[in-house]
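Tertiary structure, described
Here are the chains, one letter per residue:
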Amino acid sequence: MAKISVVGTGYVGLVTGACFADLGNEVTCIDIVPEKVAMLQQGKIPIYEPQLEEVVERNLAMGRLRFTTDYATGLAGAEFVFIAVNTPQGQDGEADMRDVQAAATAIGANLTTSAVVVNKSTMPIGAGDWVANILEKNVRPGVEFAVVSNPEFLREGSAVADFLVPDRVVLGSNDRAAAERVAVLYQPVKAPIMITDIRTAEMIKYASNAFLAAKISFINEISSICERLGADVREVAQGMGYDKRIGSAFLDAGVGYGGSCFPKDVRALEHMASIHGSHPQLLRTVIDINRDQRRQLIQKIRNVLGGLNERTIGLLGLAFKPNTDDLREAPALEIAHLLQHEGAHLRAYDPAAMAKAKPLLPEVAFGRDAYETATGCDAVVLVTEWNEFKQLDMNRLRSVMAFPLLVDGRNVYDPETMTRLGFIYCGMGRRQSAHYPADYVPAPFTAPIGAH
Ligand code: NAD
């Protein structure tokens, strides 16, 4: 069993560290945030991620998993050092590599044994050589290293399962022996392991995310066309998805993609392509369509309510997708800002992301559940398709609303059933409820609900 260090204990680093420990390795995770490390040392995880807490607890108890803020302690005896710090969007869309730079510098300065340094963060093409340069400048004499790119493909919400049963493991290095040593770590997960040169591995990650984002923007464009031509995009997608060449995944029309990866990775690839003289028209269009989706949703509400000023709108779901509390680039945040910009009052509820949302949305009144949130609303918008929202008592929901406009940003409800229940139903790329009282005067704004 190997001795592994993981630098950065966010969604990717914590899952990587905990899962490698679960496979029997000795793992030490390093993070610079002392409160996070203190929590983790108690077996409490700072993020919402199904199954993760039990894996962390189990491996802490077995003594195979440790957490520290101290690089020297965390790297002692390490054979493999995974870099899993964030690479957020920088100024012009390029990846911001400051955390990677700090991590690589600290690794170089504190490594006392020869090790394979594994780039797990999503890093621009060429970053492998850049990290190797930083290490080279900082390592102590006699300490040898190789750099391997091992992009991560896990999805928040099912991250543990995705790590343990991935579709593939990609390893890129200019040092094949180093990549093969990392491959041994992954042998227990029984997935195809692909070894490439380092730039190809880095590109596989960006190309994969860009392709998935393009699939979402494609179906969203089809959805707008469906809406105008009277077809139902859900059934169109289902009919397309049966074709094995197309597949049904990522064909859900809705409010567009969000989250910590797709938006920044598509922009970073577009940026890399542009500065290297390529003309990434498709990527630019993918980004444009995604931006338009939010605006189209706002337009639907505006159309029915005749305007947004002084209207009260309830948002169901804030996280960028179900089963996570991650709000990075969440469509709900942009929708909230657009609505507020036009004078709407907002109420909101999310099963997991409320604590993170409150500081980001200070003028929003948060409900304890969907019903409290919908009370007195002129419109309710389903933004994140949590299971909880699929099982609502829709009669009860409608009965507490001031006006029954239901905007289904994820197409989870049946338009006919909702219309029968008395809602004015607007989905994405589907038939809308045809009749609504044109003389509707929205109720005056009711006092915000108390903070919970
Ligand atoms: P995150 O922000 O959740 O976690 C990053 C962690 O690194 C934080 O805990 C932070 O405190 C820590 N950190 C920052 N600088 C540090 C330093 N110098 N030394 C030690 N720790 C430091 O990020 P994430 O979502 O886990 O993403 C990490 C990388 O993985 C990104 O490049 C991302 O694009 C990629 N990725 C993310 C996902 C995902 O679903 N979140 C999936 C695949 C790939």
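Observations regarding the state of the cysteines
Defined simply, a disulfide is a covalent bond joining two cysteines at their sulfur atoms. Here the structure, examined in full by the defined rule, presents zero disulfides. With no disulfide of its own, Cys226 lies closest to Cys426 among cysteine sulfurs, the gap being 16 Å. Look at Cys226 and you get buried, because its relative accessible area is 6%.

Describing the pairing of strand E13 (residues 405-408)
With burial as the criterion, each face of E13 is covered, one bearing Leu405 and Val407 and the other bearing Leu406 and Asp408. Note: strand E12 (residues 379-382) against E13, four bridges, orientation parallel. Opposite Ala379, over in E13, you have Leu405 as the bridge partner. Across three bridges, the pairing between E13 and strand E14 (residues 424-426) is parallel. If you follow Leu406 over to E14, its bridge partner there is Tyr425. One crossover worth recording links E13 to the parallel E14 by way of helix H18 (residues 415-420), and it is right-handed.

Considering unusual backbone geometry
At Glu310, a residue that is not glycine, the phi angle is positive and equals roughly 65°. Relative to the assigned elements, Glu310 resides in the loop between helix H12 (281-305) and strand E9 (312-316). For Glu310, a relative accessible area of 42% corresponds to the partly exposed category. The phi dihedral of Asn411 falls on the positive side, at around 55°, and the residue is not glycine. Topologically, Asn411 is positioned in the loop between E13 and H18. Judged by relative accessible area, Asn411 falls into the buried class, the value being 1%.

Quick word on the domain arrangement of the protein
The domain architecture assigned to the protein consists of domain 1 (3-196) and domain 2 (231-452). Between domain 1 and domain 2, the C-alpha centre-to-centre distance is 35 Å. Listed by partner, the interface residues are 19 residues for domain 1 and 18 residues for domain 2. Both sides of the domain 1 and domain 2 interface together cover about 1400 Å² of buried area, and 51% of this is carbon and sulfur. Looking only at domain 1, the three residues that lose the most surface to domain 2 are Tyr48, Gln89 and Glu156, adding up to 39% of its buried area. Between domain 1 and domain 2 we count one salt bridge in total. One salt bridge connects Glu156 with Arg328, and the closest N-O pair in it is separated by 3.7 Å. Counting every contact that joins domain 1 to domain 2 gives 10 residue pairs in polar contact (both at pLDDT 80 or more). A class-by-class count of the residues in the side of domain 1 that touches domain 2 yields nine nonpolar, six polar and four charged.

Digging into the site of the ligand
The full set close to the ligand counts 29 residues, and Asp31, Lys36, Tyr71, Thr87 and Lys264 are the nearest of them. The side chain of Asp31 places a nitrogen or oxygen atom 2.6 Å from an oxygen atom of the ligand. The side chain of Lys264 places a nitrogen or oxygen atom 2.6 Å from an oxygen atom of the ligand. Calculation on the ligand without its partners gives an accessible area of 830 Å², and the protein chains cover 92% of this total.

Section: the side chain of Ser5
Locating Ser5 in the fold gives a position in strand E1 (residues 3-7). The class of Ser5 is buried, set by a relative accessible area of 1%. In this structure the side chain of Ser5 is engaged in a polar contact, spanning 2.6 Å, whose partner is the backbone oxygen of Gly74. For Ser5, the residues in contact, after removing those within four places along its chain, are Thr28, Gly74, Leu75, Ala78, Phe80, Val81 and Phe82.

Observations regarding helix H1 (residues 11-22)
Taking 1.5 Å of rise per residue, the 12 residues of H1 would be expected to cover 16 Å, and the 16 Å separating its terminal C-alpha atoms lies within 8% of that figure. Extensive coverage of H1 is indicated by the burial of 10 of its 12 residues. Among the residues of H1, those classed as buried are Tyr11, Gly13, Leu14, Val15, Thr16, Gly17, Ala18, Cys19, Phe20 and Ala21. One or two positions beyond H1, positive phi appears at Gly24, with a value near 105°.

Quick word on helix H13 (residues 331-341)
Where H13 is concerned, the buried positions are Pro331, Ala332, Leu333, Ile335, Ala336 and Leu339. For H13, the elements touching its buried residues are H12, E9, strand E10 (345-349) and helix H14 (354-360). Where H13 ends, the next residue or the one after it, Gly343, has phi of about 90°, a positive value.

Overview of the pattern of salt bridges
Side chains carrying opposite charge are able to pair once their charged atoms draw close together. In the structure shown here, the tally under the stated rule is 24 salt bridges. Between Glu152 and Lys120 there is a salt bridge; the shortest N-O distance is 2.8 Å. Here Glu152 is found in the loop between strand E6 (145-149) and helix H7 (159-164), whereas its partner Lys120 is found in the loop between strand E5 (115-119) and helix H6 (127-138), with 32 residues between them in sequence. Each member of the pair, Glu152 as well as Lys120, is classed as buried. Where Glu342 meets Arg302, a salt bridge forms, and the shortest distance between an N and an O atom there is 2.4 Å. Of this pair, Glu342 sits in the loop between H13 and E10 while Arg302 sits in helix H12, and the two are 40 residues apart along the sequence. Exposure remark for Arg302: the relative accessible area of 25% places this residue in the partly exposed category. Salt bridges here are not isolated pairs; linked through shared partners, they connect Lys3, Glu26 and Arg66.

Criteria and cut-off values
- Residues numbered from 1 in each chain as written.
- Predicted model: local features only at pLDDT ≥ 70, side-chain atom pairs only at ≥ 80, totals over all residues.
- Heavy atoms only, no water.
- Disulfide = S-S within 2.5 Å.
- Buried < 20%, exposed > 50% of the residue type's maximum accessible area, 1.4 Å probe, protein only.
- Helix = DSSP H or I, 4+ residues; strand = E, 2+ residues; numbered from the N terminus.
- Pairing = 2+ DSSP bridges.
- Right-handed = clockwise from strand over helix to strand, strands pointing away.
- Domains from an automatic or database assignment.
- Contact = heavy atoms within 4.5 Å.
- Buried area = accessible area lost by both parts, 1.4 Å probe.
- Salt bridge = Lys/Arg side-chain N within 4 Å of Asp/Glu carboxyl O.
- Polar contact = N/O pair within 3.5 Å; in protein donor to acceptor, adjacent residues only side chain to side chain.
- Nonpolar A, V, L, I, M, F, W, Y, C, P; charged D, E, K, R; others polar.
- Near = heavy atom within 4 Å.
- Areas by Shrake-Rupley, 256 points an atom, 1.4 Å probe, with all protein chains shown as cover.
- Expected span 1.5 Å × (residues − 1).

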